[in-house]
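Secondary and tertiary structure notes
Residue strings, one per chain:
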Amino acid sequence: MASNKREQLLATALQLFYREGYHGTGIDRILAESGVAKMTLYKHFKSKDELILAALQLQHEQLGARMQAALAGLAPREAILATFDGLQQLLGEADFCGCLFLHATAEFHDRAHPIHRQAAAHKRALLEHFRRALQALGATDADALAAQLQFLFEGALSMAHVYGPGDQARQARAAAVRLLQAAGH
């Protein structure tokens, strides 16, 4: 039962942080919407920052599992391109409000802050996904090409947030195809 309350708190916090921001979401609002008592919240999380860190970790794990399932069995080139397809799917979700991790880095701009570091680690995991796929393809400059692919991905994600979701990920995918072709892949 206790872990159920913890999950309930995390799910509610994730939704509110995503829609309204970290600083814009108060503990009382999370408690009211989750139906969980303040004492229960502080039993599981010592502070709001600890709740934010747990919510980011949960989101990281959920996105990682979703990505692994979507990419399972794909050849490296197809896995790279499917990453952009997955982003297009995300942009099409009714509640799309940008990137929870980018929001975290903006609201906790000090790069030494644990929340900023955790969000940056999530972004490094995406870079690593691209790098591993490119290494499997035998790319000669996998690090640079992985960074370029991430720029396309993050740019599409950011522009979808700024302008509203549209074809941003499809356009980024087309650019990724050109990058891969130019690199001989």
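Structure shown above.
Everything numeric here is computed off the predicted structure, so don't read it as measured data. Throughout, residues of each chain are indexed from 1 in the direction in which the sequence is written. Owing to the predicted nature of the model, reporting of local features is limited to residues with pLDDT of at least 70; listing and counting of side-chain atom pairs is limited to 80 or more, with chain, interface and lining totals taken over all residues. Excluding hydrogens and water, the side-chain values take into account all heavy atoms of the structure.

In this structure, Phe 17, Leu 51 and Leu 134 are the most contacted members of the largest nonpolar core, which totals 51 residues. Elements are defined by DSSP. Helices are runs of H or I of four residues or more, strands are runs of E of two residues or more, and each kind is numbered from the N terminus. Those elements that place two or more of their residues in this core are helix H1 (2–20), helix H2 (27–34), helix H4 (48–71), helix H5 (76–91), helix H6 (100–107), helix H7 (114–137), helix H8 (142–163) and helix H9 (168–182). It is H8 that provides the largest number of residues to this core, a total of eight residues. Residues contacting Leu 134, with those up to four places away along its chain left out, are Ile 80, Ala 139, Ala 142, Leu 145, Ala 146, Leu 149 and Leu 180. Remark: nonpolar core denotes a set of buried residues (Ala, Val, Leu, Ile, Met, Phe, Trp, Tyr, Cys) joined through side-chain atoms within 4.5 Å. Per-residue accessibility, obtained with a 1.4 Å probe over protein chains only, is compared with the maximum for each type, and a residue is labelled buried under 20%, exposed over 50%, and partly exposed between these values. Whether two residues touch is decided by their heavy atoms; if any such pair falls within 4.5 Å, the residues are in contact.

The next thing to look at is the pattern of salt bridges. Salt bridges are defined by distance alone: a side-chain nitrogen of Lys or Arg within 4 Å of a carboxyl oxygen of Asp or Glu. If you walk through the whole model with that rule in mind, you get 11 salt bridges. Glu 20 is the salt-bridge partner of Arg 29, the closest N and O atoms lying 2.6 Å from each other. Sharing partners across several salt bridges, the network here consists of Arg 19, Glu 20, Arg 29 and Glu 33.

This paragraph deals with the packing of H5 against H7. Here an axis means a line fitted to C-alpha atoms, over the contact stretch when the element is a helix, while the angle between two N-to-C directions is reported on a 0 to 180 degree scale. Across the interface, H5 lies against H7 with an axial gap of 8 Å and an inter-helix angle of 155 degrees. By the angle between their directions, the pair H5 and H7 is classed as roughly antiparallel. H5 and H7 meet at a crossing whose hand is left-handed. Judged by residue contacts, Pro 76, Arg 77, Ala 79, Ile 80, Thr 83 and Phe 84 of H5 engage Leu 126, His 129, Phe 130, Ala 133, Leu 134, Ala 136 and Leu 137 from H7. Note on angle classes: values under 35 degrees are labelled roughly parallel, values over 145 roughly antiparallel, values of 65 to 115 roughly perpendicular, and the remainder oblique. Note: crossing handedness is left-handed where the near helix turns anticlockwise from the far helix by less than a right angle, and right-handed where it turns clockwise.

Attention now goes to H4. For a helix, the expected span equals 1.5 Å multiplied by the residue count minus one. In this model, H4 (24 residues) spans 34 Å end to end at C-alpha, consistent with the 34 Å of a helix rising 1.5 Å per residue. Looking at H4, one finds that the buried residues are Leu 51, Ile 52, Ala 54, Ala 55, Leu 56, Gln 59 and Leu 71. Directly beyond the C-terminal end of H4, a positive phi value near 80 degrees is found at Gly 73.

Two joining distances apply to patches: 9 Å for like charges and 5 Å for nonpolar side chains (Val, Leu, Ile, Met, Phe, Trp, Tyr), and every residue must have over 30% relative accessible area and no salt bridge. In short, Shrake-Rupley with a 1.4 Å probe defines the accessible areas, and a residue's cover is counted only from the protein chains shown. Judged by side-chain polarity, Met 159, Val 162 and Tyr 163 come together as a nonpolar surface patch covering roughly 350 Å² of accessible area. For Val 162, the position within the fold is in helix H8. Judged by relative accessible area, which is 55%, Val 162 ranks as exposed.

What follows covers the packing of H5 against H9. Viewed as axis vectors pointing N to C, H5 and H9 meet at an angle of 165 degrees, and their least axial separation amounts to 8 Å. Classed by the angle they form, the pair H5 and H9 counts as roughly antiparallel. For H5 against H9, the interelement crossing comes out right-handed. Of H9, the residues touching H5 (which contributes Arg 77, Ile 80, Leu 81, Phe 84, Asp 85, Leu 87, Gln 88 and Leu 91) are Gln 168, Ala 169, Arg 170, Ala 172, Arg 173, Ala 176, Val 177, Leu 180 and Gln 181. Looking at the contact of H5 with H9, its residues break down into 10 nonpolar, three polar and four charged. Residues are grouped as follows: nonpolar covers Ala, Val, Leu, Ile, Met, Phe, Trp, Tyr, Cys and Pro; charged covers Asp, Glu, Lys and Arg; every other residue, Gly included, is treated as polar.

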